[in-house]
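As a plain string of letters, each chain reads:
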Amino acid sequence: MQEDLKLEVGQEVEAMCTKCKGPSIHVIESIKDDKIFKVLCKGCNSSHRYRPATDANIAKMKEAIAKKGPPKTKEERRWSRLLNKVDSEKAVDYQMDKSFDEKAVINHSKFGMGVVVEIMDQTKISVAFKEGTKTLVQNR
Ligand SMILES: [Zn+2]
């Protein structure tokens, strides 16, 4: 009986991938102490520590995903980080004839809540919204 298959770099294994959100085929990149150490995911091409695709690990990942809700975009994460740092109670309605300060919280009729990230000049501000950063006018 050949119980222990010899592990080799370049061999394909099923492993957990945090980017692909589940088990996927990986190529062994390095082996340490007869155990798979690093793998390269064939799905998303990222290299990471090997995590066996066991039922327990799959269940754990599903649970973590369910808890987090739908994946957020980079812009959305940045936006929520910014909002955490400011007092959203102080949000003012956006109007182009007003003037805004950096880190001011604004309420935009179309884009929703946003945080001023940069005063570009006398008439332009850069504001981070959930869907991305927009340039708005001020002092008009
Ligand atoms: Zn992947």
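## As for helix H2 (residues 74–85)
Part 1 of the reasoning: With 12 residues, H2 should reach 16 Å at 1.5 Å per residue; the first-to-last C-alpha distance of 17 Å fits that figure.
Part 2 of the reasoning: Where burial is concerned, little of H2 is hidden: one out of the 12 residues are buried.

## Observations regarding the sheet that holds strand S5 (residues 92–93)
The strands that make up a sheet are held in pairs by hydrogen bonds between backbone atoms, and each pair lies either parallel or antiparallel.
Part 1 of the reasoning: Spatially, S5-S6-S7-S8-S9 is the arrangement adopted by the five strands of the open sheet, whose pairing is mixed. Sheet topology places S5 and strand S9 (132–137) at the edges, where each strand pairs with a single neighbour.
Part 2 of the reasoning: Sheet topology places strand S7 (residues 112–121) next to strand S8 (residues 124–129); six bridges connect them, and they run antiparallel. Looking at the pairing, aspartate 121 lines up with lysine 124 of S8.
Part 3 of the reasoning: Along the sheet, H2 makes contact with S7, S8 and S9, crossing S8 at roughly 105°.

## A look at the confidence of the model for the protein chain
Part 1 of the reasoning: With 96% of its residues at a pLDDT of 70 or more, the protein chain has an overall mean of 92.
Part 2 of the reasoning: The secondary-structure element of the protein chain with the lowest mean pLDDT is helix H1 (residues 55–68), recorded at 90, while strand S3 (residues 35–41) shows the highest, at 97.

## Observations concerning the nonpolar core
Part 1 of the reasoning: If you look at the biggest cluster of nonpolar residues, it comprises 10 residues: Trp79, Tyr94, Ala104, Ile106, Val115, Val116, Ile125, Val127, Ala128 and Phe129.
Part 2 of the reasoning: Of all elements in the fold, only S7 and S8 reach the threshold of two or more residues within this core.
Part 3 of the reasoning: Here the element with the most residues in this core is S8; it accounts for four residues.
Part 4 of the reasoning: With residues up to four places along the chain from it excluded, the contact list for alanine 128 reads Arg78, Trp79, Leu82, Gly114, Val115, Val117 and Thr133.
Part 5 of the reasoning: With five residues, the next largest nonpolar core counts Ala15, Met16, Cys17 and Val39 among its residues.

About the cut-offs
- Residues numbered from 1 in each chain as written.
- Predicted model: local features only at pLDDT ≥ 70, side-chain atom pairs only at ≥ 80, totals over all residues.
- Helix = DSSP H or I, 4+ residues; strand = E, 2+ residues; numbered from the N terminus.
- Expected span 1.5 Å × (residues − 1).
- Buried ≥ 20, exposed ≤ 12 C-beta atoms within 10 Å, placed from the backbone.
- Pairing = 2+ DSSP bridges.
- Contact = placed C-beta atoms within 7 Å.
- Axes fitted to C-alpha atoms, helices over the stretch in contact; angles between N-to-C directions.
- pLDDT = per-residue confidence, 0-100.
- Core = buried A, V, L, I, M, F, W, Y, C linked by C-beta atoms within 7 Å.

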